[in-house]
Amino acid sequence: EALKRHLHACFRQRNSANSLSVVFLQASGWWLGNTDHGIFRQAAKAVSEVWGVEPILVREGGSYGGVTTFLEQTLKAPAIHLPMGQASDNAHL
């Protein structure tokens, strides 16, 4: 609701003849991977071997955090996100 209020307040400041409707169809919790888990160490090793660089671990937005949380809880298995691009690509932001 706070986001909705903020969006409407910003929209009112524009004095637009248009209208704004905000409907939340889905919300999910955030996901934070356990970088101490072996799956992260193995992925880092693979990145280093294949691309010859150490991976940079970045906490950044995405569109599938809720899916990852669901899979971890359902399958009881660790998960890792391996983006194949840069933040500037705006793929999931």
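To be clear, the structure that these remarks concern was listed above.
Residues numbered from 1 in each chain as written. Predicted model: local features only at pLDDT ≥ 70, side-chain atom pairs only at ≥ 80, totals over all residues. Heavy atoms only, no water.

Colleague: I'd like to hear about the environment of A87, residue by residue, with values.
Modeller: Note on placement: A87 falls in the segment after α3 (65-75). Distance from A87 to E60, taken between C-alpha atoms, is 8.2 Å for residues 27 residues apart in sequence. (Helix = DSSP H or I, 4+ residues; strand = E, 2+ residues; numbered from the N terminus.)

Colleague: Describe unusual backbone geometry, with residues and values.
Modeller: Positive phi outside glycine occurs at N15, with the angle close to 50 degrees. As for its position among the elements, N15 is in the loop between α1 (2-13) and α2 (38-51). Its identity is not glycine, yet K76 carries a phi of approximately 55 degrees, on the positive side. By secondary structure assignment, the location of K76 is in the segment after α3.

Colleague: So, the side chain of T68: which residues are in play, and what are the values?
Modeller: Relative to the helices and strands, T68 resides in helix α3. Judged by relative accessible area, T68 falls into the buried class, the value being 7%. When near neighbours in sequence (up to four residues on either side) are disregarded, T68 contacts W31, A79 and H81. (Buried < 20%, exposed > 50% of the residue type's maximum accessible area, 1.4 Å probe, protein only. Contact = heavy atoms within 4.5 Å.)

Colleague: Before we move on, can you summarise the side chain of S48 with the specific residues and values?
Modeller: Checked against the element boundaries, S48 lands in helix α2. The class of S48 is buried, set by a relative accessible area of 19%. At 3.1 Å, the side chain of S48 forms a polar contact with the side chain of E54. The contacts of S48, once residues within four sequence positions are left out, are V53, E54 and P55. (Polar contact = N/O pair within 3.5 Å; in protein donor to acceptor, adjacent residues only side chain to side chain.)

Colleague: For the environment of T35, give the residues involved together with the corresponding values.
Modeller: When you line up the elements, T35 lands in the loop between α1 and α2. We classify T35 as partly exposed; its relative accessible area is 42%. Distance in space between the C-alpha atoms of T35 and Q86 is 20 Å, their sequence separation being 51 residues. T35 has contacts with F40 and L57, leaving out every residue within four places of it along the chain.

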